[in-house]
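Structure assessment
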Amino acid sequence: MKKIVFLVRSLDYGGAQRQVVTLVKSLSPDKFEVTVLCFYSGEPLEEDLKNSNVRVIGLDKGGRWDIFGFLTNLLTQMRRLNPDLIHGYLGVPNILTIFLKPFFPSCRMIWGVRNSQMDLGRYDWLRWLSVHIERFLSPLADLIIVNSHVAMDDHIEKGFPANKMLVIPNGIDTAKFKPDREARLKFRSEWGIGPNTLLIGLIARLDPMKDHQNFLQAAALLSRQRQDVRFICVGTGPEDYAKKLYRLVDYLGIDDIVIWTGAYANMPAVYNGLDIATSTSCYGEGFSNAIGEAMACGLPCVVTDVGDSAWIVGDSGVVVEPNNPEALVAGWVSCWDADRNQLGCKARQRILENFSVSRLVIASQEVFEKTEK
């Protein structure tokens, strides 16, 4: 039995975090002994692993500048676990696998890369530095798994070693994310959405790459064309950025038709409550979980052509250019005027055939089983 440690920042709500949970829960317990090491513990997705064979250990990092104590704790836990493979997820955990390499020379180090075409000018200097360190250290990783073809091409262009990169798309839990009329009615009732009201949703953390501004500007445009529409944003983010978005809503005069839910635990209910799901990312996207999960719930999607979004949707939704509110409105109208039930059925079938959890697990286990200690 091979011992695998997944190294992550936390298990809070987020696409990468949900994929970690989905994958580790599904790995064969007869083949793998799995531990998830989190920089910060006590986050909500840890609950999903409580009754599984997966151990979750918090490293109790005391903030950004808790470095020496954190690294000491990390080394102590790794020596105790003595893994065959360490799988980092995203930038800093990836970098730390290289820090650990001299201490565990026979341990295979795998990176998880899940974004593409990042606009670093929108983030602080530490994010900029970590991205460049990750690129510099990338030849030292034993394997780099990316979740989208666009991400692989982008990182190769930036200097990542092509011979060490492999695409494994995300897997969507279609038993959890599925059409559910009862959940739809309950969710819409909770938020005061009538049965004849068009509800368009953006499920994304509050981050510049998700381009909520585009979504809100398009919402203002569509609200002038029809009165039976409301918009919902599900996700959290930095308070200062959230306030900027709230001010934009006030400026556009649409505060009475835009709902902010914050973090929401029951995501299948959210998707079922919508009529159209939207991804408005303008950069940085790899494989959008929100798109895949919405499609699995039988929901048509209107997405910007960023990352692998167009490939995921295929002919089951509408693809528009980013940073263009008018194009987004046209996409919504086109989707609304089409046979949405037919599009929804086609969307779910596309997920079942191409992006199932079983496909993710088979591909991942094949990689992990090649580990030799």
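Everything below is about the structure printed above this text.
This is a predicted model, so every value here is computed, not measured.

Attention now moves to helix 5 (residues 149-157). When we look at burial in helix 5, the residues that qualify are A151, M152, D154 and H155. Along helix 5, the residues classed as buried sweep out an arc of 165 degrees about the axis, all on the same side. At its buried positions, helix 5 is contacted by strand 5 (108-113), strand 6 (143-146) and strand 7 (165-167). For helix 5, the side-chain oxygen to backbone nitrogen distance between the N-cap and A151 is 3.1 Å, and the N-cap itself is S148.

On to the sheet that holds strand 11 (residues 276-279), then. The strand order 10-9-8-11-12-13 describes an open sheet built from six strands, whose pairing is parallel. Of all strands in the sheet, those with a lone pairing partner are strand 10 (258-262) and strand 13 (318-320), marking the two edges. Between one strand and the next, the sheet's axes are offset by a mean angle of 20 degrees, whatever the strand orientation. Pairing between strand 8 (residues 198-203) and strand 9 (residues 229-234): six bridges, direction parallel. In the strand pairing of strand 9, I203 is matched with V234. Docked against the sheet, helix 12 (residues 325-337) engages strand 8, strand 9, strand 11, strand 12 (301-304) and strand 13, running at close to 170 degrees with respect to strand 13.

What describes two packed helices is the angle between their axes and the distance between those same axes. Relative orientation of the contacting elements helix 1 (residues 15-26) and helix 14 (residues 357-368) amounts to 70 degrees, with a least axis distance of 10 Å. By the angle class used here, helix 1 and helix 14 are roughly perpendicular. The segment helix 1 lies against helix 14, with Q19, T22, L23 and S26 engaging V357, L360, V361, S364, Q365 and F368. For the contact of helix 1 with helix 14, a count of residues per class yields five nonpolar, five polar and no charged.

The next point concerns the pattern of salt bridges. Under the criterion given, the structure shown has 14 salt bridges. Note that E47 is salt-bridged to K50, the shortest N-O span being 3.1 Å. Notably, a salt bridge pairs D154 with K158, separated by 3.2 Å at the nearest N-O pair. Overlapping salt bridges, with partners in common, bring together R184, R188, D275 and R340 in one network.

How each quantity is defined
- Residues numbered from 1 in each chain as written.
- Predicted model: local features only at pLDDT ≥ 70, side-chain atom pairs only at ≥ 80, totals over all residues.
- Heavy atoms only, no water.
- Buried < 20%, exposed > 50% of the residue type's maximum accessible area, 1.4 Å probe, protein only.
- Helix = DSSP H or I, 4+ residues; strand = E, 2+ residues; numbered from the N terminus.
- Arc of directions from axis to C-beta.
- Contact = heavy atoms within 4.5 Å.
- Polar contact = N/O pair within 3.5 Å; in protein donor to acceptor, adjacent residues only side chain to side chain.
- Pairing = 2+ DSSP bridges.
- Axes fitted to C-alpha atoms, helices over the stretch in contact; angles between N-to-C directions.
- Parallel < 35°, antiparallel > 145°, perpendicular 65-115°, else oblique.
- Nonpolar A, V, L, I, M, F, W, Y, C, P; charged D, E, K, R; others polar.
- Salt bridge = Lys/Arg side-chain N within 4 Å of Asp/Glu carboxyl O.

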